[in-house]
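Chain and residue survey
Spelled out from the first residue to the last, the chains are:
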Amino acid sequence: MTHFSISEDLLQAENAARKMALDEDYAALARALGRRGIDGDALTRRVMAFGVAIPTWGVGTGGTRFARFPGPGEPRHLFDKLEDCATIQYLVRATPTISPHFPWDATSDYAALREVATKHGLAFDAVNSNTFQDQPNQEHSYKFGSLSHVEPAVRAQAIAHNIDCIAIGRQLGSKALTVWIADGSNFAGQSNMTLALDRYLDSMREIYAALPADWRVFLEHKLYEPAFYSSVISDWGTSFAAAQELGPKAQCLVDLGHHAPNVNIEQIVARLVRFGKLGGFHFNDSKYGDDDLDTGSVEPFRLFLVFNELIDARMREAEGFAPAHMLDQSHNVTDPIESLMQSAIELQRAYAQALIVDRSALAAAQVANDALGAHLELKRAYTTDVSPILAMARLRAGGAIAPIETYRASGYRKHKAKERPPVARTSAGIV
């Protein structure tokens, strides 16, 4: 069976219809930026070099605690996911890597998987372990924890799974392992909080010892859910302390939804950069909690402020600064491919806006205690519409000027609905 893909002819036709308008808009923006001492073409090249990893689970329909409503043509297995991830990269040219999750993405031949991904123009970013769910035929349950469980046999099972993920990652060319656990308690007195953390650290030491010399492990914290009274790794401070104890290859992963309401996430980023423990991000957006909404859909200014800290760190050449960028979203009412494309664009937007901040003027205002002046320097960059820069970056990289419009014109989802008949239980998405 021939699998449908978006043709180069369609892409070129869609771009041709928009090229004249883009050239005009790009020239006008380049002139405006030039008056501020900013080289538009240089900015475009930097945007072209920016990339974010697509999570394999993100191309499937997500869900809530109450229900999951499958979408048409959603991926049935990992190789369908690769097709969808490749389509995103083909159009936006900002998602060259994928982040797989095991055992969801388990297969019998990882060398063949890597070969297929390469043919799609994709490489592998961090691999993710899963000890927050019980799997079929699993000997021990994680209902009451995994890496911090009171029973040594359960901890040993969870440790072995993470070490297996490292072995898989080595075959795929990955260089990092992300560890998130759901361990915690729902009732006061249910767990000895100190001993639970000690057991987690003992387990992580065994996983850490299995890391190759050039690997990192990202410790992901989460305030709540499903442990609503106490989570073992609940906040960035606990994550930081654990990373400090484990060693230099252990760093902290920041998920934009894993925080208490109104927490200053950009300050957390600055602190982790300062201490050399910022491993990377799971980008999404949040209104109430860990909502996993599309990146930049609710708090675009906060996203910009995060990137403002990242650009500041890069310009200062902060020691050990090499954060990984990954999306982590749940798409319940949208086409996942469209949401992931738009999220990648929003990350590029925040990145480009942070690049055009007048750093000298900002520093001068800060030294002079000019609070409003400093704020306005950030707002001037944030309110600059860099859309023509982003579109030109996609065009010059061989992508689509208008990715979502081109995707819709292709009928990709309709074709995949015919190729991928629904199954009773799909591996795509998260409930």
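Our structure is the block above this text.
Looking now at the sheet that holds strand β7 (residues 216-220). One open sheet accounts for six strands, arranged β4-β5-β7-β9-β10-β11; its pairing is parallel. Edge positions in the open sheet fall to β4 (127-128) and β11 (324-327), since each of these has one partner strand only. Note that strand β9 (residues 250-255) and strand β10 (residues 278-283) share four bridges and pair parallel. Across the sheet, the residue bridging to Cys-252 is Leu-278, located in β10. Packed on one face of the sheet, helix α5 (residues 152-172) meets β4 and β5 (176-179) and runs near 150° to β5.

If you check which residues of helix α11 (residues 359-367) are buried, you get Arg-359, Leu-362 and Ala-365. Burial along α11 is one-sided: seen end-on, the buried residues are contained in an arc of 130°. For α11, the exposed residues lying more than 90 degrees away from the buried face are Ser-360 and Val-367. Here the buried face of α11 lies against α9 (300-315), α10 (336-355) and α12 (371-382). Backbone nitrogen of Ser-360 and a side-chain oxygen of the N-cap are separated by 3.3 Å at the start of α11; the cap is Asp-358. One or two positions beyond α11, positive phi appears at Asn-369, with a value near 55°.

Now for unusual backbone geometry. The linkage connecting Phe-102 with the following residue, Pro-103, adopts the cis geometry, with an omega of 15°. Note on placement: Pro-103 falls in the loop between β2 (97-99) and α4 (110-119). Here the bond from Glu-225 into Pro-226 is cis, since omega is 10°, no more than 30 degrees from zero. Examined against the element boundaries, Pro-226 turns out to sit in the loop between β7 and β8 (230-231). Notably, Arg-93 is not glycine yet its phi reads approximately 55°, a positive angle. Checked against the element boundaries, Arg-93 lands in the loop between α3 (78-92) and β2. One non-glycine residue, Glu-317, lies in positive phi territory at about 55°. In this fold, Glu-317 is placed in the loop between α9 and β11.

Looking now at empty space enclosed by the protein. Under the defined criterion, the tally for this structure stands at three cavities of 30 Å³ or more. Of the volumes computed, that of the largest cavity is approximately 50 Å³. Trp-180, Ile-181, Ala-182, Asp-183, Lys-222, Tyr-224, Glu-225, Pro-226, Ala-227, Ser-231 and Ile-233 are the residues that line the largest cavity. For the lining of the largest cavity, the class distribution of residues is seven nonpolar, one polar and three charged.

This brings us to the pairing of β11. The alternating pattern of β11 places Ala-324 and Met-326 and His-325 and Leu-327 on opposite faces, both of which are buried. Where β10 lies against β11, four bridges are found, and the strand directions are parallel. Bridge pairing links Phe-283 to Leu-327 in β11. As for the winding sense of the linkage, the β-α-β connection from β10 through α9 to β11 is right-handed.

Take the nonpolar core next. Within soluble globular proteins, side chains that are nonpolar generally end up buried alongside one another. If you look at the biggest cluster of nonpolar residues, it comprises 110 residues, and the most contacted ones within it are Tyr-200 and Phe-307. The dominant element in this core, judged by the number of residues it contributes, is α10, at eleven residues. What Phe-307 contacts, discounting residues up to four positions off in sequence, is Phe-50, Phe-283, Leu-347, Ala-350, Tyr-351 and Ala-354. With seven residues, the next largest nonpolar core counts Ala-53, Ala-126, Phe-218 and Ala-324 among its residues.

A sheet is described by the order of its strands in space; here three strands give the open sequence β1-β2-β3, paired in parallel fashion. Since the sheet does not close on itself, it has two edges, and those belong to β1 (54-55) and β3 (123-124), each with one partner. Inspection of the sheet shows β2 paired to β3 by two bridges, in the parallel sense. Bridging from a neighbouring strand, Thr-97 pairs with Ala-123 of β3.

Quick notes on the rules
Residues numbered from 1 in each chain as written. Predicted model: local features only at pLDDT ≥ 70, side-chain atom pairs only at ≥ 80, totals over all residues. Heavy atoms only, no water. Pairing = 2+ DSSP bridges. Helix = DSSP H or I, 4+ residues; strand = E, 2+ residues; numbered from the N terminus. Contact = heavy atoms within 4.5 Å. Axes fitted to C-alpha atoms, helices over the stretch in contact; angles between N-to-C directions. Buried < 20%, exposed > 50% of the residue type's maximum accessible area, 1.4 Å probe, protein only. Arc of directions from axis to C-beta. Polar contact = N/O pair within 3.5 Å; in protein donor to acceptor, adjacent residues only side chain to side chain. 1 Å grid on protein atoms, 1.4 Å probe; cavity = no way out; pocket = protein on both sides within 12 Å on 5 of 7 lines; lining within 4 Å. Points joined across faces, edges and corners; volume = space filled by probe spheres on them. Nonpolar A, V, L, I, M, F, W, Y, C, P; charged D, E, K, R; others polar. Right-handed = clockwise from strand over helix to strand, strands pointing away. Core = buried A, V, L, I, M, F, W, Y, C linked by side-chain atoms within 4.5 Å.

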